[in-house]
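Take a look at the letters that make up each chain.
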Amino acid sequence: FHPLAPEIIRQVLQAKYPEKQSRIGLVTALAKGSLYTAEEILNNEDFTQARTDFYDLLGRLRELSPADILLWCEQWDKNRKMVAVLLELSQLWYHDTLLLATAKKQNLLINQDYLAALQQVKLTPAQALQILEACQTAIRQLESNATPRLTLSVLLLKIQTILKEV
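Below or above, wherever it landed, is the structure these notes cover. Just so you know, these numbers come straight off a predicted model, no measurement behind them. (Residues numbered from 1 in each chain as written. Predicted model: local features only at pLDDT ≥ 70, side-chain atom pairs only at ≥ 80, totals over all residues. Heavy atoms only, no water.)

Helix H2 (residues 21-31) packs onto helix H1 (residues 6-16) with a crossing angle of 150° between their chain directions and a minimal axis gap of 10 Å. Here H1 is positioned roughly antiparallel relative to H2, judged by the angle of their axes. The element H1 and its partner H2 pack so that their crossing is right-handed. Across the interface between the two elements, Pro6, Ile9, Arg10, Leu13 and Gln14 of H1 pack against Gln21, Ile24, Gly25, Val27 and Thr28 of H2. A breakdown of the residues in the contact of H1 with H2 according to their chemical character gives 5 nonpolar, 4 polar and 1 charged. (Axes fitted to C-alpha atoms, helices over the stretch in contact; angles between N-to-C directions. Helix = DSSP H or I, 4+ residues; strand = E, 2+ residues; numbered from the N terminus. Parallel < 35°, antiparallel > 145°, perpendicular 65-115°, else oblique. Left-handed = near helix turned anticlockwise from the far one by under 90°. Contact = heavy atoms within 4.5 Å. Nonpolar A, V, L, I, M, F, W, Y, C, P; charged D, E, K, R; others polar.)

Structure, rendered in structure tokens:
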């Protein structure tokens, strides 16, 4: 199996699902070269709700208590696959904040449908890079068989610490 180029996946999805244009960039990024995975994510309402809930959490991260964060992560205790997706989503979210902070190129954003929320995130490029490094570390830890809930909890608490430095 050879992964498909993201542009090919994007073109197929745009032709097949014109009503879902705003999410195609995100889905393409998460699919890792698999058209099947891309379509599965695009048409999965549970994913859509989890993404909405997760991005809402990221938007409120500064104001939440550590106990609130740990409690939220509790629901993902046994779902390694979904935690992997949430880690990828966090990486894409903060990549978009870095793009907005540096290039100001909205057309390059993966989360086009969350532009207003992304514009509310006030980070320096250095802070965005710190968060992206933390996301990468969390992804590697999960791939190395770390506990899903613990991996997600540590990442969110680390992000919260960085956000409070602003």
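Side chains of Leu4, Ile8 and Val12 sit close together on the surface and give an oily, nonpolar patch of about 200 Å² of accessible area. The topology assignment puts Ile8 in helix H1. (Patch = residues over 30% accessible without salt bridge, like charges linked within 9 Å, V, L, I, M, F, W, Y side chains within 5 Å. Areas by Shrake-Rupley, 256 points an atom, 1.4 Å probe, with all protein chains shown as cover. Salt bridge = Lys/Arg side-chain N within 4 Å of Asp/Glu carboxyl O.)

With that settled, the discussion passes to the nonpolar core. Phe54, Leu61, Trp72, Leu89, Tyr94, Leu152 and Leu156 are the most contacted members of the largest nonpolar core, which totals 54 residues. Sorting the residues of this core by element identifies H1, H2, helix H3 (35-42), helix H4 (45-60), helix H5 (66-74), helix H6 (80-102), helix H8 (125-143) and helix H9 (148-164) as the ones contributing at least two each. The element best represented in this core is H6, accounting for 12 residues. For Trp72, the contacting residues outside a window of four places in its chain are Phe54, Leu57, Leu86, Leu152 and Leu156. (Core = buried A, V, L, I, M, F, W, Y, C linked by side-chain atoms within 4.5 Å. Buried < 20%, exposed > 50% of the residue type's maximum accessible area, 1.4 Å probe, protein only.)

Once that is clear, we can look at the pattern of salt bridges. Under the definition given, this model contains 8 salt bridges. For Lys78, the salt bridge is made with Asp77, and the minimal N-O distance between the two is 3.5 Å. Under the relative-accessibility criterion, Lys78 is labelled exposed at 76%. Among the residues examined, Asp77 registers a relative accessible area of 21% and is labelled partly exposed. The partner of Asp77 in a salt bridge is Arg149, and the shortest N-O contact between them spans 3.5 Å. With Asp77 in the loop between H5 and H6 and Arg149 in helix H9, this pair connects stretches of sequence that are 72 residues apart.

With that settled, the discussion passes to the environment of Leu157. Take Leu157: it is sitting in helix H9. According to the relative accessible area criterion, Leu157 is partly exposed, its value standing at 25%. Put simply, Leu157 and Ile69 are 88 residues apart on the chain and 7.3 Å apart in space, counted from C-alpha to C-alpha. Beyond its immediate sequence surroundings of up to four residues, Leu157 is in contact with Pro66, Ile69 and Leu70.

These results come straight from atomic positions and should not be treated as a statement about function.
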